[in-house]
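Residues per chain, in single letters:
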Amino acid sequence: MKLPEINTAEMKAFLTELLNTPSPTGFTEGAIALCEDVLSTLPGIKLARTHKGALVGTLPGAEDGPWRALTAHVDTLGAMVKEIKANGRLKLSKLGGYAWNTVEGEGVTVFTRNGDPVPGCLLITKASAHVHGQDVSKTERNDDTMEVRLDARTTSADETRALGIGIGDFVAFDPRVVLTDGFIRARHLDDKACVACMLYAAKAIVDAGMTPKLTTVLHISNYEEVGHGAAAGIPTQVSELVSVDMAAVGDGQASDEFHATLCVKDSGGPYHHGLNQRLRGLAETYEIPHKVDIYPYYGSDGEAFWRAGGDVALALIGPGVDASHNYERTHTEALIATTNWCLAYLLN
Ligand SMILES: [Zn+2]
């Protein structure tokens, strides 16, 4: 069987729009709605939301039997306003696991309670080289030494409050999406790249007039970065779950930006051997550029489902993403490889 054609141009246009839709964990409604727009165009799909806001699409299969599921997450790293400082600037509380230096100097948007976005920038408190000299490089980056400078006239807590800003407001980092020569450079390719792969695999099947072999659940998770995204929302009929999430690229890693990777083990232990073997066989049959790897500091949403008591065979595949949880980059070839791997799995 030949795999159906992926609409790569449309997939990348969707990915760009998704990357430009702010969705720090806990503030994902816009990104979920964008995914819903794409999935709702697929004839035969049943869409539902979980109570905590994940999107679950069910595509009927050609055969009766146990169901399959794919999961990918739209939530990203971000922050919340922890404190309004006396100088009118903001102290933040992190959402997800990252180091402050990876977002230092980044543009931010603060989403106020009444919905008005206020732009700003994340800086260290001793930011000016001409004022602080050596301290600029020597200052340890931590919750107390990082602050948001708002692009608004404020030098006091009262003036900042008058902008509508309050404790608990969500803060998103600018994604800075740049597409050049097949490369995609942006924040939050983890895991929006995989959401695009998953949705455009489903679209390729439907557009080609094909049907997945077994009934397939597409689970768009919205709390992965804090560890419990797919803990709920996977129906009990599902016997196999494939987490579609970025592959870790760097020193000592087999993964790269031009391949999809099967992760056989991460911080949560080994994945399901039988399902891994089948996915490797499919990658070989369909000549999908792929690697096999182990990720040293990594947990997936599939493992969140396992920990919540989910009884499924679980595997993890995804495109290589360089500098993850930093200013990330991948290549179109890795996205195509990941999408084709999803297609080979769902059609066989
Ligand atoms: Zn991820």
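Since the structure is predicted, the reported quantities are computational estimates derived from the model, not experimental observations. (Residues numbered from 1 in each chain as written. Predicted model: local features only at pLDDT ≥ 70, side-chain atom pairs only at ≥ 80, totals over all residues. Heavy atoms only, no water.)

**Examining the packing of helix α1 (residues 8-19) against helix α9 (residues 332-347)**
Counted only if it meets this: Axes here refer to lines fitted to C-alpha atoms; in helices the fit is confined to the stretch in contact. Angles between the N-to-C directions go from 0 to 180 degrees. Labels follow the DSSP assignment, with helices taken as runs of H or I lasting at least four residues and strands as runs of E lasting at least two, numbered in each case from the N terminus. The cut-offs work like this: below 35 degrees is roughly parallel, past 145 is roughly antiparallel, 65 to 115 is roughly perpendicular, and the gaps in between are oblique. The contact definition used throughout considers only heavy atoms, calling two residues in contact when any of these lie within 4.5 Å.
With their axes 11 Å apart at the nearest point, α1 and α9 run at an angle of 105 degrees to one another. By the criterion of interaxial angle, the relationship of α1 to α9 is roughly perpendicular. Packed against α1, whose contacting residues are T8, M11, K12 and L15, the element α9 presents T332, L335, I336 and T339 at the interface.

**Here we look at helix α6 (residues 189-207)**
So the rule is basically this: An expected span of 1.5 Å times one less than the residue number is assigned to each helix. Partly exposed describes any residue whose relative accessible area lies between the buried limit of under 20% and the exposed limit of over 50%, with all areas from a 1.4 Å probe on protein chains only and scaled to the type maximum.
Helix length check: α6 (19 residues) gives 25 Å between terminal C-alpha atoms against 27 Å at 1.5 Å per residue, within 8%. Of all the 19 residues making up α6, 18 are buried; the element is thus mostly covered by neighbouring parts of the structure. A positive phi of about 70 degrees marks G209, the residue just after α6.

**With respect to the sheet that holds strand β10 (residues 178-180)**
Put simply, the rule is: Paired strands are those between which DSSP finds at least two bridges.
One open sheet accounts for 3 strands, arranged β10-β11-β19; its pairing is antiparallel. Edge positions in the sheet fall to β10 and β19 (328-331), since each has one partner strand and no second. The sheet shows a mean angle of 15 degrees between the axes of neighbouring strands, direction not considered. Two strands pair when backbone bridges link them, and strand β11 (residues 183-186) and β19 are joined in this way by 4 bridges, in the antiparallel orientation. Within β19, the position partnered with I184 by the bridge is T330. Packing of α1 onto the sheet brings it into contact with β10 and β11, and relative to β11 it is tilted by some 10 degrees. Taken strand by strand, α9 contacts β11 and β19, and its axis lies near 65 degrees from that of β19.

**Side note on the pairing of strand β7 (residues 117-124)**
A large share of β7 lies buried, amounting to 6 of its 8 residues. Across 5 bridges, strand β6 (residues 107-111) lies against β7 in antiparallel orientation. Across the sheet, T109 pairs through a bridge with P119, a residue of β7. Two successive antiparallel strands, β6 and β7, enclose a turn made up of 5 residues, where G115 displays a positive phi of approximately 95 degrees.

**With respect to the coordination of the zinc ion**
How we decide: We call an atom a donor if it is N, O or S and sits within 2.8 Å of the metal, or 3.2 Å for Na, K and Ca. Water is not counted, so some sites may look partial. Here a site with four donors is tetrahedral if all angles are between 85 and 135 degrees, and a site with four or six donors is square planar or octahedral if opposite donors are over 155 degrees apart and the other angles are between 65 and 115; anything else gets the irregular label.
Donor atoms from the polypeptide that bind the zinc ion are H73 (NE2), D190 (OD), D245 (OD) and D245 (OD), placed at 1.9 to 2.6 Å. Considering all 4 donor atoms around the zinc ion, the spread of angles at the metal, 52 to 142 degrees, places the coordination shape in the irregular class. Every donor residue of the zinc ion comes from the same chain, spaced as H-x116-D-x54-D. Of this pair, H73 sits in strand β3 (residues 63-73) while D245 sits in the loop between β13 (238-244) and β14 (247-248); the two residues are 172 residues apart in sequence, bridging distant segments of the chain. Of the two residues, H73 and D245, both sit in the buried class.

**Things to note about the side chain of T339**
Heads up, the condition is: By the criterion applied in these results, polar contacts are pairs of N or O atoms within 3.5 Å in which, for protein atoms, one can donate a hydrogen and the other can accept it, and in which residues neighboring in sequence qualify only through two side-chain atoms.
Relative to the elements of secondary structure, T339 occurs in helix α9. Within polar-contact distance, the side chain of T339 engages the backbone oxygen of L335 at 2.7 Å. The contact partners of T339, leaving out residues within four places of it in the chain, are I6, M11, C197, Y200 and A201.

**What to know about α9**
Taking 1.5 Å per residue, 16 residues should reach 22 Å; α9 reaches 22 Å between its end C-alpha atoms and fits that length. Burial runs high along α9: 14 of the 16 residues are buried.

**Observations regarding the nonpolar core**
The line we're drawing: Here, nonpolar core means buried Ala, Val, Leu, Ile, Met, Phe, Trp, Tyr and Cys residues that are tied together by side-chain atoms lying within 4.5 Å of each other.
F14, C35, L70, V195, L199, I220 and L279 are the most contacted members of the largest nonpolar core, which totals 78 residues. Among residues more than four places away in sequence, those in contact with L199 are F14, C35, V38, L39 and I220. Counting 21 residues, the second-largest nonpolar core is a separate cluster that includes V81, Y98, V118 and A157.

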